[in-house]
Amino acid sequence: MSARVIVTTSGKGGVGKTTSTANIAAALAKFGKKVVAIDADVGLRNLDVIMGLENRVVYNFIDVIEKTCKMSAALVKDKRVPGLYLLPAAQTRTKDAVNPEQMIALCEELKPDFDFIFLDCPAGIEGGFKNAAAGADEALVVTTPEIPAVRDADRIIGMLESMGKSPIRLIINRLRPNMVQDGDMLAKDDILDVLSIELIGVVPEDESVIRATNNGEPMTMTLDSPAAHAYLNIAERLLGHDVPLMDLESYAGRGFFSKIKKFFRGKKK
Amino acid sequence: MDFLKKLFGSGNETSGQKAKDRLRIVLIHDRTDISPQLLNNLREEIVHVLVKYMDIDEKKIEIDLDRDEKAVALVANIPVLRIKRNSIEMK
Ligand SMILES: Nc1ncnc2c1ncn2[C@@H]1O[C@H](COP(=O)(O)OP(=O)(O)O)[C@@H](O)[C@H]1O
Ligand SMILES: [Mg+2]
(Lines give C-alpha, C1' and ligand atoms only; values in the text may rest on other atoms or scores of the structure.)
(Ligands and ions follow the chains in the order given, each with its own letter.)
Protein backbone atom coordinates (compact mmCIF):
# COMPACT_ATOMS: atom_id res chain seq x y z
CA MET A 1 0.00 0.00 0.00
CA SER A 2 1.22 3.50 -0.77
CA ALA A 3 -1.24 6.24 -0.02
CA ARG A 4 -2.33 9.00 -2.34
CA VAL A 5 -1.58 12.23 -0.50
CA ILE A 6 -4.12 15.00 -1.14
CA VAL A 7 -4.09 18.54 0.23
CA THR A 8 -7.42 20.38 0.66
CA THR A 9 -6.85 24.06 0.19
CA SER A 10 -8.50 27.32 -0.87
CA GLY A 11 -6.62 30.51 -0.16
CA LYS A 12 -9.66 32.17 1.35
CA GLY A 13 -10.83 31.06 4.78
CA GLY A 14 -14.23 29.69 5.67
CA VAL A 15 -15.14 28.26 2.28
CA GLY A 16 -15.42 24.65 3.43
CA LYS A 17 -11.97 23.03 3.42
CA THR A 18 -12.41 21.30 6.76
CA THR A 19 -16.00 20.28 6.01
CA SER A 20 -14.88 18.85 2.67
CA THR A 21 -11.88 17.02 4.14
CA ALA A 22 -13.96 15.37 6.87
CA ASN A 23 -16.76 14.30 4.55
CA ILE A 24 -14.60 13.00 1.73
CA ALA A 25 -12.33 11.14 4.14
CA ALA A 26 -15.34 9.53 5.86
CA ALA A 27 -16.90 8.63 2.51
CA LEU A 28 -13.74 6.91 1.28
CA ALA A 29 -13.52 4.98 4.55
CA LYS A 30 -17.13 3.93 4.04
CA PHE A 31 -16.13 2.61 0.63
CA GLY A 32 -13.61 0.39 2.40
CA LYS A 33 -10.47 2.48 2.02
CA LYS A 34 -8.00 3.14 4.81
CA VAL A 35 -7.90 6.88 5.27
CA VAL A 36 -6.14 9.35 7.56
CA ALA A 37 -7.08 13.02 7.72
CA ILE A 38 -4.31 15.25 9.02
CA ASP A 39 -5.28 18.59 10.53
CA ALA A 40 -2.56 20.84 9.13
CA ASP A 41 -4.10 23.96 10.63
CA VAL A 42 -1.68 24.26 13.55
CA GLY A 43 -2.93 26.62 16.25
CA LEU A 44 -6.49 26.77 14.89
CA ARG A 45 -7.51 23.17 14.82
CA ASN A 46 -11.04 22.26 13.77
CA LEU A 47 -10.97 18.94 12.02
CA ASP A 48 -11.21 17.05 15.34
CA VAL A 49 -14.46 18.85 16.17
CA ILE A 50 -15.99 18.47 12.72
CA MET A 51 -15.19 14.76 12.76
CA GLY A 52 -16.51 14.55 16.31
CA LEU A 53 -13.29 13.14 17.70
CA GLU A 54 -12.19 16.05 19.92
CA ASN A 55 -12.59 14.12 23.17
CA ARG A 56 -10.24 11.42 22.07
CA VAL A 57 -7.29 13.60 21.09
CA VAL A 58 -4.24 12.94 23.26
CA TYR A 59 -1.22 13.77 21.11
CA ASN A 60 -0.81 15.67 17.87
CA PHE A 61 1.41 15.46 14.82
CA ILE A 62 3.95 17.90 16.24
CA ASP A 63 4.43 15.46 19.12
CA VAL A 64 5.18 12.84 16.48
CA ILE A 65 7.63 15.11 14.66
CA GLU A 66 9.34 16.01 17.91
CA LYS A 67 9.35 12.33 18.94
CA THR A 68 7.35 12.98 22.10
CA CYS A 69 5.17 10.05 21.09
CA LYS A 70 4.89 7.36 18.47
CA MET A 71 2.73 7.79 15.39
CA SER A 72 0.38 5.06 16.59
CA ALA A 73 -0.26 6.95 19.82
CA ALA A 74 -1.17 10.17 18.03
CA LEU A 75 -3.54 8.63 15.49
CA VAL A 76 -7.18 8.78 16.60
CA LYS A 77 -9.20 5.87 15.28
CA ASP A 78 -12.79 6.63 14.39
CA LYS A 79 -14.95 3.92 15.98
CA ARG A 80 -17.95 4.54 13.73
CA VAL A 81 -16.32 3.73 10.42
CA PRO A 82 -13.56 1.16 10.10
CA GLY A 83 -10.42 2.47 8.43
CA LEU A 84 -10.89 6.14 9.31
CA TYR A 85 -8.24 7.99 11.33
CA LEU A 86 -7.49 11.55 12.42
CA LEU A 87 -4.04 12.94 13.04
CA PRO A 88 -4.73 16.11 15.06
CA ALA A 89 -2.94 19.45 14.98
CA ALA A 90 -1.42 21.09 18.03
CA GLN A 91 -3.72 23.79 19.34
CA THR A 92 -1.16 25.62 21.49
CA ARG A 93 1.62 25.87 18.94
CA THR A 94 2.13 28.14 15.95
CA LYS A 95 2.56 27.34 12.28
CA ASP A 96 6.34 27.82 12.42
CA ALA A 97 6.68 24.89 14.81
CA VAL A 98 7.01 22.73 11.67
CA ASN A 99 8.72 22.99 8.30
CA PRO A 100 7.93 21.44 4.89
CA GLU A 101 10.62 18.75 5.20
CA GLN A 102 9.06 17.50 8.44
CA MET A 103 5.62 17.38 6.84
CA ILE A 104 7.01 15.36 3.94
CA ALA A 105 8.66 12.94 6.39
CA LEU A 106 5.39 12.65 8.34
CA CYS A 107 3.46 11.71 5.20
CA GLU A 108 6.16 9.25 4.15
CA GLU A 109 5.83 7.50 7.49
CA LEU A 110 2.06 7.14 7.00
CA LYS A 111 2.05 6.18 3.33
CA PRO A 112 2.67 2.43 3.63
CA ASP A 113 -0.29 1.98 6.00
CA PHE A 114 -3.00 3.93 4.16
CA ASP A 115 -4.84 4.30 0.86
CA PHE A 116 -5.47 8.03 1.30
CA ILE A 117 -3.87 10.79 3.32
CA PHE A 118 -5.71 14.12 3.44
CA LEU A 119 -4.07 17.33 4.61
CA ASP A 120 -6.57 19.93 5.78
CA CYS A 121 -4.86 23.19 5.00
CA PRO A 122 -5.14 26.50 6.87
CA ALA A 123 -6.31 29.60 4.98
CA GLY A 124 -3.67 31.82 3.44
CA ILE A 125 -0.67 31.36 1.20
CA GLU A 126 2.04 31.49 3.82
CA GLY A 127 3.87 28.96 5.96
CA GLY A 128 0.87 26.86 6.96
CA PHE A 129 -0.20 26.38 3.37
CA LYS A 130 3.32 25.63 2.22
CA ASN A 131 3.83 23.04 4.99
CA ALA A 132 0.59 21.26 4.17
CA ALA A 133 1.11 21.36 0.42
CA ALA A 134 4.70 20.12 0.67
CA GLY A 135 3.69 16.61 1.66
CA ALA A 136 0.97 16.26 -0.97
CA ASP A 137 0.98 14.92 -4.52
CA GLU A 138 -2.54 15.97 -5.46
CA ALA A 139 -4.74 18.90 -4.49
CA LEU A 140 -8.39 19.69 -4.00
CA VAL A 141 -9.11 23.41 -4.26
CA VAL A 142 -12.30 24.53 -2.56
CA THR A 143 -14.14 27.69 -3.58
CA THR A 144 -17.57 29.21 -3.13
CA PRO A 145 -19.36 30.95 -6.03
CA GLU A 146 -18.19 34.41 -4.98
CA ILE A 147 -15.55 36.70 -6.49
CA PRO A 148 -13.17 36.85 -3.50
CA ALA A 149 -13.10 33.07 -3.08
CA VAL A 150 -12.63 32.36 -6.79
CA ARG A 151 -9.92 34.96 -7.01
CA ASP A 152 -7.99 33.42 -4.14
CA ALA A 153 -8.53 29.98 -5.63
CA ASP A 154 -6.87 31.22 -8.82
CA ARG A 155 -3.86 32.36 -6.83
CA ILE A 156 -3.60 29.06 -4.99
CA ILE A 157 -3.94 27.05 -8.21
CA GLY A 158 -1.00 29.00 -9.66
CA MET A 159 1.10 28.17 -6.60
CA LEU A 160 0.09 24.51 -6.59
CA GLU A 161 0.96 24.25 -10.29
CA SER A 162 4.39 25.73 -9.75
CA MET A 163 4.91 23.25 -6.90
CA GLY A 164 4.18 20.47 -9.38
CA LYS A 165 1.00 19.13 -7.73
CA SER A 166 -1.12 17.05 -10.06
CA PRO A 167 -3.97 16.58 -10.51
CA ILE A 168 -5.38 19.80 -9.05
CA ARG A 169 -9.17 19.55 -8.90
CA LEU A 170 -11.89 21.98 -7.95
CA ILE A 171 -14.77 21.69 -5.49
CA ILE A 172 -17.44 24.38 -5.77
CA ASN A 173 -19.10 24.58 -2.37
CA ARG A 174 -22.24 26.31 -1.06
CA LEU A 175 -23.82 26.73 -4.48
CA ARG A 176 -27.45 27.79 -4.34
CA PRO A 177 -29.13 26.42 -7.44
CA ASN A 178 -32.14 28.73 -7.17
CA MET A 179 -29.91 31.82 -6.99
CA VAL A 180 -27.97 30.61 -10.01
CA GLN A 181 -31.21 30.05 -11.86
CA ASP A 182 -32.33 33.59 -11.01
CA GLY A 183 -29.04 34.97 -12.28
CA ASP A 184 -27.92 36.08 -8.85
CA MET A 185 -24.99 33.75 -8.37
CA LEU A 186 -21.97 32.71 -10.39
CA ALA A 187 -22.76 29.44 -12.12
CA LYS A 188 -20.51 26.39 -12.21
CA ASP A 189 -19.47 27.12 -15.79
CA ASP A 190 -18.67 30.78 -15.07
CA ILE A 191 -16.15 29.59 -12.49
CA LEU A 192 -14.72 26.81 -14.65
CA ASP A 193 -14.33 29.27 -17.56
CA VAL A 194 -11.97 31.48 -15.62
CA LEU A 195 -10.13 28.90 -13.53
CA SER A 196 -9.88 26.27 -16.27
CA ILE A 197 -9.16 23.31 -14.02
CA GLU A 198 -10.90 20.00 -13.64
CA LEU A 199 -14.09 20.03 -11.56
CA ILE A 200 -14.52 17.16 -9.12
CA GLY A 201 -17.84 18.20 -7.63
CA VAL A 202 -20.40 20.82 -6.75
CA VAL A 203 -21.73 20.87 -3.18
CA PRO A 204 -24.96 22.76 -2.57
CA GLU A 205 -25.62 25.09 0.32
CA ASP A 206 -27.21 22.79 2.86
CA GLU A 207 -28.38 23.17 6.45
CA SER A 208 -27.34 19.60 7.17
CA VAL A 209 -23.74 20.82 7.17
CA ILE A 210 -24.45 22.83 10.30
CA ARG A 211 -26.43 20.01 11.88
CA ALA A 212 -23.60 17.58 11.17
CA THR A 213 -21.09 19.95 12.74
CA ASN A 214 -23.31 20.30 15.80
CA ASN A 215 -23.55 16.53 16.11
CA GLY A 216 -19.89 15.90 15.37
CA GLU A 217 -20.66 13.43 12.65
CA PRO A 218 -19.57 13.86 9.03
CA MET A 219 -22.68 13.81 6.83
CA THR A 220 -21.34 11.09 4.59
CA MET A 221 -21.44 8.66 7.53
CA THR A 222 -25.18 8.60 7.95
CA LEU A 223 -27.29 11.48 6.72
CA ASP A 224 -29.03 11.47 3.43
CA SER A 225 -28.76 15.11 2.46
CA PRO A 226 -27.87 16.90 -0.77
CA ALA A 227 -24.42 17.87 0.55
CA ALA A 228 -23.78 14.32 1.81
CA HIS A 229 -24.73 13.03 -1.61
CA ALA A 230 -22.39 15.51 -3.31
CA TYR A 231 -19.47 14.48 -1.08
CA LEU A 232 -20.11 10.79 -1.66
CA ASN A 233 -19.96 11.50 -5.40
CA ILE A 234 -16.68 13.37 -5.00
CA ALA A 235 -15.22 10.41 -3.12
CA GLU A 236 -16.31 8.10 -5.94
CA ARG A 237 -14.73 10.36 -8.54
CA LEU A 238 -11.48 10.31 -6.54
CA LEU A 239 -11.59 6.54 -6.94
CA GLY A 240 -11.83 7.03 -10.68
CA HIS A 241 -15.51 6.19 -11.04
CA ASP A 242 -17.44 8.11 -13.65
CA VAL A 243 -20.30 9.61 -11.63
CA PRO A 244 -22.46 12.24 -13.36
CA LEU A 245 -22.91 15.61 -11.66
CA MET A 246 -26.02 15.80 -9.46
CA ASP A 247 -29.07 17.58 -10.73
CA LEU A 248 -29.00 20.30 -8.12
CA GLU A 249 -32.18 21.90 -9.39
CA SER A 250 -34.24 19.00 -8.19
CA TYR A 251 -32.95 19.75 -4.69
CA ALA A 252 -33.57 23.45 -4.94
CA GLY A 253 -37.14 23.34 -3.68
CA ARG A 254 -38.54 25.66 -6.33
CA GLY A 255 -40.96 28.14 -4.82
CA PHE A 256 -44.11 29.52 -6.40
CA PHE A 257 -42.50 32.87 -7.22
CA SER A 258 -39.54 31.41 -9.02
CA LYS A 259 -41.94 29.31 -11.05
CA ILE A 260 -44.00 32.23 -12.32
CA LYS A 261 -40.83 34.18 -12.84
CA LYS A 262 -39.45 31.42 -15.01
CA PHE A 263 -42.75 31.29 -16.87
CA PHE A 264 -42.60 35.01 -17.69
CA ARG A 265 -38.94 34.90 -18.62
CA GLY A 266 -39.75 32.12 -21.03
CA LYS A 267 -42.53 34.18 -22.57
CA LYS A 268 -40.38 37.26 -23.04
CA LYS A 269 -37.99 35.58 -25.48
CA MET B 1 -42.50 48.84 -8.77
CA ASP B 2 -39.11 47.79 -7.49
CA PHE B 3 -40.69 44.54 -6.56
CA LEU B 4 -41.98 43.95 -10.07
CA LYS B 5 -38.68 44.99 -11.57
CA LYS B 6 -36.96 42.46 -9.39
CA LEU B 7 -39.50 39.79 -10.11
CA PHE B 8 -39.43 39.98 -13.86
CA GLY B 9 -35.96 41.35 -14.39
CA SER B 10 -35.98 44.74 -16.08
CA GLY B 11 -33.61 43.72 -18.84
CA ASN B 12 -30.68 44.89 -16.77
CA GLU B 13 -27.66 42.74 -16.09
CA THR B 14 -28.20 40.24 -13.31
CA SER B 15 -25.83 40.34 -10.35
CA GLY B 16 -24.50 36.95 -11.43
CA GLN B 17 -23.57 38.37 -14.84
CA LYS B 18 -21.95 41.35 -13.17
CA ALA B 19 -19.97 39.01 -10.91
CA LYS B 20 -18.80 37.04 -13.93
CA ASP B 21 -17.51 40.15 -15.72
CA ARG B 22 -15.83 41.56 -12.64
CA LEU B 23 -14.21 38.22 -11.88
CA ARG B 24 -12.81 37.93 -15.39
CA ILE B 25 -11.15 41.33 -15.15
CA VAL B 26 -9.86 40.84 -11.64
CA LEU B 27 -8.16 37.64 -12.73
CA ILE B 28 -6.59 39.26 -15.80
CA HIS B 29 -5.05 41.83 -13.50
CA ASP B 30 -3.98 39.33 -10.86
CA ARG B 31 -2.34 37.05 -13.36
CA THR B 32 -0.41 39.86 -15.02
CA ASP B 33 0.96 41.00 -11.72
CA ILE B 34 4.31 39.67 -12.82
CA SER B 35 7.50 40.05 -10.87
CA PRO B 36 10.23 42.54 -11.85
CA GLN B 37 12.49 39.50 -12.29
CA LEU B 38 10.16 38.02 -14.89
CA LEU B 39 9.79 41.34 -16.68
CA ASN B 40 13.57 41.64 -16.78
CA ASN B 41 13.98 38.20 -18.31
CA LEU B 42 11.33 39.05 -20.87
CA ARG B 43 13.13 42.26 -21.74
CA GLU B 44 16.44 40.48 -22.21
CA GLU B 45 14.90 37.91 -24.51
CA ILE B 46 13.10 40.53 -26.57
CA VAL B 47 16.37 42.43 -26.99
CA HIS B 48 18.10 39.21 -27.95
CA VAL B 49 15.66 38.73 -30.83
CA LEU B 50 15.54 42.37 -31.90
CA VAL B 51 19.30 42.85 -32.27
CA LYS B 52 19.29 40.24 -35.01
CA TYR B 53 17.28 42.67 -37.11
CA MET B 54 18.19 46.13 -35.92
CA ASP B 55 20.44 48.23 -33.78
CA ILE B 56 18.54 49.49 -30.80
CA ASP B 57 19.29 51.84 -27.95
CA GLU B 58 19.29 49.27 -25.16
CA LYS B 59 19.58 51.84 -22.42
CA LYS B 60 16.35 53.58 -23.40
CA ILE B 61 14.11 50.55 -23.66
CA GLU B 62 10.87 50.70 -21.72
CA ILE B 63 8.79 47.58 -21.33
CA ASP B 64 5.80 47.43 -19.05
CA LEU B 65 2.30 46.13 -18.67
CA ASP B 66 -0.44 48.66 -19.13
CA ARG B 67 -3.73 47.94 -17.46
CA ASP B 68 -7.06 49.58 -17.76
CA GLU B 69 -10.50 48.44 -16.74
CA LYS B 70 -11.10 46.15 -19.67
CA ALA B 71 -7.76 44.84 -20.82
CA VAL B 72 -4.05 44.50 -20.31
CA ALA B 73 -1.41 45.35 -22.90
CA LEU B 74 2.31 44.77 -23.07
CA VAL B 75 3.68 48.15 -24.06
CA ALA B 76 7.23 48.42 -25.34
CA ASN B 77 9.06 51.56 -26.31
CA ILE B 78 12.28 50.59 -28.07
CA PRO B 79 14.30 53.30 -29.84
CA VAL B 80 15.65 51.94 -33.13
CA LEU B 81 19.02 53.33 -34.25
CA ARG B 82 19.37 51.45 -37.52
CA ILE B 83 17.69 48.57 -39.35
CA LYS B 84 20.24 46.04 -40.54
CA ARG B 85 20.47 45.84 -44.32
CA ASN B 86 20.41 42.06 -44.57
CA SER B 87 17.50 41.73 -42.16
CA ILE B 88 15.04 41.75 -45.06
CA GLU B 89 16.53 38.62 -46.57
CA MET B 90 16.54 36.81 -43.26
CA LYS B 91 13.50 34.65 -42.78
N1 LIG C 1 -22.29 23.29 1.80
C2 LIG C 1 -22.45 24.04 2.91
N3 LIG C 1 -23.68 24.47 3.29
C4 LIG C 1 -23.83 25.21 4.41
N5 LIG C 1 -22.83 25.60 5.21
C6 LIG C 1 -21.58 25.23 4.89
C7 LIG C 1 -21.32 24.43 3.73
N8 LIG C 1 -19.98 24.21 3.69
C9 LIG C 1 -19.44 24.84 4.75
N10 LIG C 1 -20.38 25.45 5.50
C11 LIG C 1 -20.16 26.23 6.73
O12 LIG C 1 -19.16 27.18 6.48
C13 LIG C 1 -18.33 27.36 7.60
C14 LIG C 1 -16.87 27.20 7.25
O15 LIG C 1 -16.62 25.86 6.88
P16 LIG C 1 -15.19 25.18 7.11
O17 LIG C 1 -15.26 23.81 6.54
O18 LIG C 1 -14.76 25.30 8.53
O19 LIG C 1 -14.28 26.11 6.19
P20 LIG C 1 -12.69 26.25 6.13
O21 LIG C 1 -12.08 25.00 6.66
O22 LIG C 1 -12.39 26.48 4.67
O23 LIG C 1 -12.35 27.46 6.95
C24 LIG C 1 -18.81 26.39 8.64
O25 LIG C 1 -19.59 27.09 9.57
C26 LIG C 1 -19.63 25.38 7.87
O27 LIG C 1 -20.67 24.86 8.64
MG1 LIG D 1 -10.58 24.78 8.22
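Residue positions within a chain follow its written sequence, with the count starting from 1. Each chain takes a letter, starting from A, and each ligand takes a number, starting from 1, following the order in which they are written. Two thresholds apply to this predicted model, a pLDDT of at least 70 for residue-level local features and 80 or more for giving and counting side-chain atom pairs, whereas whole-chain, interface and lining totals are computed over all residues. Heavy atoms throughout the structure, all of them, feed into the side-chain values; hydrogens and water do not.

Asks: Before we go on, may I ask you to explain the overall build of chain B in this structure?
Replies: When you go through chain B residue by residue, the secondary structure sums to three helices and four strands. Relative to its 91 residues, chain B shows a buried fraction of 19%. By sequence separation, contacts in chain B at least 24 residues apart represent 51% of the contacts at least 6 residues apart. Summed over its atoms, the accessible surface of chain B is roughly 7,200 Å², and 53% of this surface lies on carbon and sulfur atoms. Only DSSP runs of H or I reaching four residues or more are called helices, and only runs of E reaching two or more are called strands; each is numbered from the N terminus. Relative accessibility under 20% of the residue-type maximum defines a buried residue, over 50% an exposed one, and the middle range a partly exposed one, all with a 1.4 Å probe and only protein chains included. Contact criterion: two residues are considered in contact whenever any of their non-hydrogen atoms come within 4.5 Å of each other. In this description, accessible areas are obtained by the Shrake-Rupley approach with a 1.4 Å probe, and a residue is regarded as covered only by the protein chains that are shown.

Asks: So what exactly am I meant to see when it comes to helix 3 (residues 36–50) of chain B here?
Replies: Two residues of an α-helix separated by three or four positions point the same way, owing to the 3.6 residues in each turn. Residue and element names in this part refer to chain B. Compared with the 21 Å implied by 1.5 Å per residue over 15 residues, the 21 Å span of helix 3 between its first and last C-alpha is a close match. Restricting attention to buried positions, one finds in helix 3 the residues Leu-39, Val-47 and Leu-50. Taken around the axis of helix 3, the buried residues stretch over an arc of 75°, which confines them to a single face. Seen from the open side of helix 3, the exposed residues pointing more than 90 degrees away from its buried face are Gln-37, Glu-44, Glu-45 and His-48. Elements that come into contact with the buried residues of helix 3 comprise strand 1 (54–56) and strand 2 (62–67). Each helix should span, by expectation, one fewer than its residue count multiplied by 1.5 Å. To be clear, the arc concerns the directions from the helix axis to the C-beta atoms.

Asks: I would appreciate a short explanation of the packing of helix 6 (residues 127–134) of chain A against helix 7 (residues 147–162) of chain A in the present structure.
Replies: Packed helices, taken two at a time, are described by the angle between their axes plus the distance between the axes. Residue and element names in this part refer to chain A. In this analysis, axes come from line fits to C-alpha atoms, helices being fitted only over the stretch in contact, and the angle between any two N-to-C directions falls in the range 0 to 180 degrees. Contact geometry of helix 6 with helix 7 gives a least axis separation of 12 Å together with a crossing angle of 45°. If you check the angle between helix 6 and helix 7, you find them oblique. You can see that helix 6 and helix 7 cross each other, and the crossing is right-handed. Every residue of helix 7 that contacts helix 6 at Phe-129, Lys-130 and Ala-133 is listed here: Ile-156, Met-159 and Leu-160. Looking at the contact of helix 6 with helix 7 residue by residue, the class counts come to five nonpolar, no polar and one charged. Reported orientations rely on four angle classes, namely roughly parallel under 35 degrees, roughly antiparallel over 145, roughly perpendicular from 65 to 115, and oblique for the rest. A clockwise turn of the near helix away from the far one marks a right-handed crossing, whereas an anticlockwise turn of less than a right angle marks a left-handed crossing. Each residue receives one of three labels: charged for Asp, Glu, Lys and Arg, nonpolar for Ala, Val, Leu, Ile, Met, Phe, Trp, Tyr, Cys and Pro, and polar for the others, Gly being one of them.

Asks: I keep staring at the domain arrangement of chain B and nothing clicks. Help me out?
Replies: How big an interface is tends to be stated in terms of the accessible area lost upon association of its parts. Residues and elements named next belong to chain B. Assigned domains of chain B: these are domain 1 (1–33) and domain 2 (34–91). Each side of the interface is counted separately: domain 1 has six residues, and domain 2 has seven residues. Here domain 1 and domain 2 share an interface that buries about 570 Å² over both sides, 54% of which is from carbon and sulfur atoms. For this analysis, a salt bridge means a side-chain nitrogen from Lys or Arg found within 4 Å of a carboxyl oxygen belonging to Asp or Glu. Between the two partners, domain 1 and domain 2, sit zero salt bridges. For this analysis, a polar contact is any N or O atom pair within 3.5 Å, provided that within protein one partner can donate a hydrogen and the other can accept it, and provided that sequence-adjacent residues contribute only side-chain to side-chain pairs. Remark: the boundary between domain 1 and domain 2 carries zero residue pairs in polar contact (both at pLDDT 80 or more). Taken together, the residues of the side of domain 1 that touches domain 2 sort by class into two nonpolar, two polar and two charged. Boundaries of every domain are those given by an automatic assignment or by a domain database. Defined here as a combined quantity, buried area equals the accessible surface (1.4 Å probe) lost by two parts on assembly, summed across both.

Asks: Explain the sheet that holds strand 6 (residues 138–143) of chain A to me, please; I cannot follow it from the model alone.
Replies: Backbone-to-backbone hydrogen bonds join strands into a sheet, with any given pair of strands oriented parallel or antiparallel. Residues and elements named next belong to chain A. Pairing between strands is defined by DSSP: at least two bridges between the two strands are required. Taken in spatial order, the eight strands of this open sheet run 3-4-2-5-1-6-7-8, and their pairing is mixed. In the strand order of this sheet, the two ends are held by strand 3 (76–77) and strand 8 (198–204), each with one partner. Across two bridges, strand 3 lies against strand 4 (residues 84–87) in antiparallel orientation. Bridge pairing in strand 4 links Val-76 to Leu-86. Running at roughly 170° to strand 6, helix 7 makes contact with strand 1 (4–9), strand 6 and strand 7 (168–175) of the sheet. Its contacts with the sheet put helix 11 (residues 226–238) on strand 1, strand 5 (116–120), strand 7 and strand 8, and the angle it makes with strand 8 is roughly 160°.

Asks: Is there a simple way to explain the site of ligand 1 in this structure?
Replies: Residues and elements named next belong to chain A. Distances are taken per atom, and a residue is near a molecule or strand as soon as one of its heavy atoms is within 4 Å of it. In the vicinity of ligand 1 there are 13 residues, among which Gly-14, Lys-17, Thr-18, Thr-19 and Asn-173 approach most closely. Contact distances for ligand 1 include 3.0 Å between an oxygen atom and a backbone N or O atom of Gly-16. Look at ligand 1: alone it shows 560 Å² of surface, and the protein chains cover 80% of it. Taken together, the elements giving at least two residues each to the shell around ligand 1 come down to helix 1 (17–30), strand 7 and strand 8. The element contributing the most residues to the shell around ligand 1 is helix 1, with three residues.

Asks: Help me understand unusual backbone geometry, please; the structure alone is not making it clear to me.
Replies: Both trends apply: most residues other than glycine have a negative phi, and most peptide bonds are in trans. Residues and elements named next belong to chain A. Note that the residue after Ser-166, namely Pro-167, is joined by a cis bond; omega there is -5°. Residue placement: Pro-167 occurs in the loop between helix 7 and strand 7. Not every positive phi belongs to a glycine, and Arg-174 is a case in point at roughly 65°. Relative to the assigned elements, Arg-174 resides in strand 7. By relative accessible area, which is 38% here, Arg-174 ends up partly exposed. The residue Ser-196 is not glycine, and still its phi comes out positive at about 35°. Within the element layout of this structure, Ser-196 appears in the loop between helix 9 (188–195) and strand 8. In this structure Ser-196 comes out as exposed when scored by relative accessible area, which is 59%.

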